[in-house]
Amino acid sequence: MAAMSVIGIDFGNESCYVAVARAGGIETIANDYSLRATPSCVAFSEKTRILGVAAKNQLVTNMKNTVYGFKRLLGRQYKDPFIQKDLQSLTYQTVETPSGGVGIKVNYLNEPHVFHPEQITAMLLTKLKAISEEALNTKINDCVISVPSYFTNTERKALLNAASIAGLNVLRLFNETTATALAYGIYKQDLPPPEEKPRNVVFVDCGYSSLQVSACAFHKGKLKMLACAADPDLGGHSFDVILAEHLSKDLKARYNINPMTNARAYTRLLTEVDKLKKQMSANSTKLPLNIECFMEDKDVHCDMKRADMEELCAGLFQRVEKTLRQCLEDSKLKLEDIHAVEIVGGSSRVPAIKQLIEVVFNKPASTTLNQDEAVARGCALQCAMLSPAVRVRDFAVTDIQMYPVHINWDGHDAQDQGEMEVFSKNHAAPFSKVLTLYKKESFNLKAFYPPNSVPYPDPRIGEYCIKNIKPTAQGGTQKVKLKIRINIHGIVSVSSASLIEQIKGSAEPMDVEVNEEEHKEKEQPAQETTQEQQQPPEANANSQDAQPNGPAEDDDAEKKEKKRKTVKSVDLPIEEFLPGFSSSEVSSFFEAEGQMMAADRQEKDRVDARNSLEEYVYELRGKLSEELSAYVVEKDRSSLVEQLDQMENWLYEEGEECVKQVYMDKLGSLRSIGDAIYQRKMEYEARPKALEELSVAIQLAFKNLEQYKAREDKLKNLDPATVEKSEQNIRNLHHWCEEKRAILSATPLHQNPPVSVAEILAEKEKAVSEIKLLSTMPKVAPEPAKQQPPPEQSQESTQDEKMKTENGEQD
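Anyway, here's the lowdown on the structure attached to this text. (Residues numbered from 1 in each chain as written. Predicted model: local features only at pLDDT ≥ 70, side-chain atom pairs only at ≥ 80, totals over all residues. Heavy atoms only, no water.)

### Overview of the overall build of the protein chain
Part 1 of the argument: A tally of helices and strands in the protein chain yields 20 helices and 31 strands.
Part 2 of the argument: Relative to its 811 residues, the protein chain shows a buried fraction of 48%.
Part 3 of the argument: The long-range share in the protein chain, meaning contacts at least 24 apart out of those at least 6 apart in sequence, stands at 70%.
Part 4 of the argument: Surface summary for the protein chain: the accessible area is close to 41,500 Å², and the carbon and sulfur share equals 49%. (Helix = DSSP H or I, 4+ residues; strand = E, 2+ residues; numbered from the N terminus. Buried < 20%, exposed > 50% of the residue type's maximum accessible area, 1.4 Å probe, protein only. Contact = heavy atoms within 4.5 Å. Areas by Shrake-Rupley, 256 points an atom, 1.4 Å probe, with all protein chains shown as cover.)

Encoded structure:
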């Protein structure tokens, strides 16, 4: 059961997939609609929240309160121009929060509410968690969630916060590109050994909202990501928008209607365009698009062929080619070094994209992987590797950090300030670097992405204040070591800061400063690579040594002095200033989510109770005129039907919004009448079989009794009183059976039977007991012999008697 709780979640902008690691392999979980894909939709009504498939189904009828496309809003600022562009295409209302983030305004429980994208994401994750727990029949312990490789620090933290609100323990935020590579490589048995050249594979993932291209090098038992390029605003939705705008102009010219001015009509058009786009991927002929009662009660018709779509979307295909070539350039691979190009994602099925892949990489696109579920399967595999609950074949994964990371620090003057690149583009991750600065007072450090390196205007990662630094006794600088880390989630942070103090002539044991290799073993987990890096000369140019050079000493004295020196490391406090929510805010969101879940359960129980009452009313009323009519008199039947009609009218009028207990009480009162009718029917149908079984048991008991009576020579060894009592019991059973049979045959069907089937079966068990008793009748102890026979004769006689007795019992 523990293994079943290890799941991987592919959190997509349009839909989500959940995969589980089992003993037999990886399996994708179906939701409560028996679908593998769960739409990334959350809707709100006057009474409850609607999640997943049900939310998507009522999008057109509840547009203002149905939230979708919120993955792109995670961790972003409201005034971000990219966000403003996305918000224009959304049908629900958004506002700016006090912290500058995106607020989603909906009507929930007849009151206006503003939710953060992290809260909406948590609601969807709660649904995915419930689907998994129901399918696996166990609690979910650990999970791995996919994340686009182009997500920044703030976006990754926002997704982690959403998982915390949903009560999920995230072992890793796994890049979608790396998850795809893992799903591909772990099942390959012919990968080259470590000493040979790697097998290089390019993965092209074109989904609903983004394009990601990555290059990966495989060896037996391990993979290493080489490079990744992405276009966060190029996906299947981009094609849909261009086609919808073109068709809107066509419909305006021919039908004098403009779907761009009507949100509901435009949403329906996008849905139909998406279907048309998928048909064009498999068919190059002209295809029709028909929508009934589209706008102003008009039915519309138009058509399009694949060549038209490719002409309209030529700009998008140019961006696809640019991204493909960017990944090839960053990976530094030659075309002949690439083994294959694998495609995943729904939009990678577009023929023009496949043609571009062949043009750029000089290889046809391969479809070895499940294009929709590869990411979820890779996440489930990674979760199995990280969880102690599951044993899985070892497969080392080396990921990359897509963006370069810089830091700068302040000082008491211009010479004490500096900036440097800590992690370069496509740097290995997780990874830690230890940097050394020389400071004499507390200072501030900023981590950020360099300008134009990320597709967002906000390059912040975080600000850190390193405290408790004081100058030496001589007023010089102190040696400060900073560990800057990319953790397993791809989040960059200053994980620790320490002050290195040198002590002369100390007799007490101190922590000796370790070298680079020792630091690697001591400081980092096994799955991370650590590199201790001293500041480069240009970065240290503004730093001072702790002590000015003293008088020259001879070499021996200097060596003795170095031997007496020891160092100790003092941890320094770090005050963080990070974008996003604080831990207290996340805790309050977690409590609010729990309250909403409780309200959802209460409403579900209420609706289930109402549906049970409604179902019982329809079922009983329908059967009273058919199969149950013989089991109730006409007067009672008419009265009961009238009562059921009144109950139905009550359900659709004043009983529409009652609490659960009211429905249960009314159902109980109906059952007290209706169940008695059902019981009479069940008794009548089961009674012949029960009486037949009783008669057969009585006949077998009489037969066994007659067999005992026929063996006159053995009766002296049986207990006559027991045989007589058994015979009387059997005759009483026979009399009871005949008497009750006569009474039951005279009882009308609409009356409760005087004898139940349970009583008949109980009498049958009595007859069976008599049969067993006669089959194992105990012996009466024989009288002692007057004269003891010789040993040989006595033994032979005893054996003969024993054999005869056994033969008699067998008969």
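### Topic: helix H9 (residues 314-331)
Along an α-helix, residues three or four positions apart point the same way, because every turn accommodates 3.6 residues.
Part 1 of the argument: Here H9 contains 18 residues, and its C-alpha end-to-end distance of 26 Å stays within 8% of the 26 Å for a straight helix at 1.5 Å per residue.
Part 2 of the argument: Taken together, the buried positions of H9 are occupied by Leu316, Phe317, Val320, Thr323, Leu324, Cys327, Leu328, Asp330 and Ser331.
Part 3 of the argument: Taken from the residues just after H9, Lys332 is the one with a positive phi, measuring 60 degrees. (Expected span 1.5 Å × (residues − 1).)

### A few points about unusual backbone geometry
Part 1 of the argument: For the peptide bond that leads from Ala429 to Pro430, omega is -5 degrees, which places it in the cis range.
Part 2 of the argument: Positive phi, normally seen in glycine, also occurs at Asn137, with a value near 55 degrees.
Part 3 of the argument: When you line up the elements, Asn137 lands in the loop between helix H3 (117-136) and strand S11 (142-147).
Part 4 of the argument: Backbone geometry at Asn426 places phi at a positive 60 degrees, although glycine is not the residue there.
Part 5 of the argument: Among the structural elements, Asn426 can be located in the loop between strand S22 (418-423) and strand S23 (427-429).
Part 6 of the argument: By relative accessible area, Asn426 is classed as buried at 13%.

### Some words on the packing of H3 against helix H4 (residues 153-165)
Part 1 of the argument: At a minimum axis distance of 8 Å, the contact between H3 and H4 shows a crossing angle of 50 degrees. Taken together, H3 and H4 sit at an angle that is classed as oblique. Note that H3 runs across H4; the crossing there is right-handed. Across the interface between the two elements, Glu118, Thr121, Ala122 and Leu125 of H3 pack against Ala158, Leu159, Ala162, Ala163 and Ile165 of H4.
Part 2 of the argument: Grouping the constituent residues of the contact of H3 with H4 by class yields seven nonpolar, one polar and one charged. (Axes fitted to C-alpha atoms, helices over the stretch in contact; angles between N-to-C directions. Parallel < 35°, antiparallel > 145°, perpendicular 65-115°, else oblique. Left-handed = near helix turned anticlockwise from the far one by under 90°. Nonpolar A, V, L, I, M, F, W, Y, C, P; charged D, E, K, R; others polar.)

### A closer look at the packing of helix H15 (residues 583-624) against helix H17 (residues 660-710)
Part 1 of the argument: For the pair H15 and H17, the least separation of the axes is 9 Å and the interaxial angle reads 25 degrees. For the element pair H15 / H17, the angle class is roughly parallel. Where H15 crosses over H17, the two elements pack in a sense that is left-handed. Residue-level inspection shows Asp605, Arg606, Ala609, Arg610, Ser612, Leu613, Tyr616, Val617, Glu619, Leu620, Lys623 and Leu624 of H15 in contact with H17, the latter providing Lys660, Tyr663, Met664, Lys666, Leu667, Leu670, Arg671, Gly674, Asp675, Ile677 and Tyr678.
Part 2 of the argument: Residues belonging to the contact of H15 with H17 are distributed by class as follows: twelve nonpolar, two polar and nine charged.

### Notes on the sheet that holds strand S7 (residues 66-68)
Part 1 of the argument: Within the open sheet, the three strands sit side by side as S6-S5-S7. Their pairing is antiparallel. Every other strand in the sheet has two partners, leaving strand S6 (49-51) and S7 as the edge strands with one partner each. Taken over all neighbouring pairs, the strand axes of this sheet differ in orientation by 20 degrees on average, direction set aside.
Part 2 of the argument: Pairing of strand S5 (residues 41-44) with S6, which is carried by three bridges, proceeds in the antiparallel orientation. (Pairing = 2+ DSSP bridges.)

### With respect to H4
Part 1 of the argument: With 13 residues, H4 ought to run about 18 Å at 1.5 Å a step, and its terminal C-alpha atoms sit 19 Å apart, in line with that.
Part 2 of the argument: Counting buried positions along H4 gives twelve out of 13 residues, so the element sits mostly inside the fold.
Part 3 of the argument: Taken residue by residue, H4 has Asn153, Thr154, Glu155, Arg156, Lys157, Ala158, Leu159, Leu160, Asn161, Ala162, Ala163 and Ile165 as its buried positions.
Part 4 of the argument: Positioned one or two residues after H4, Gly167 has a phi angle of 80 degrees, which is positive.

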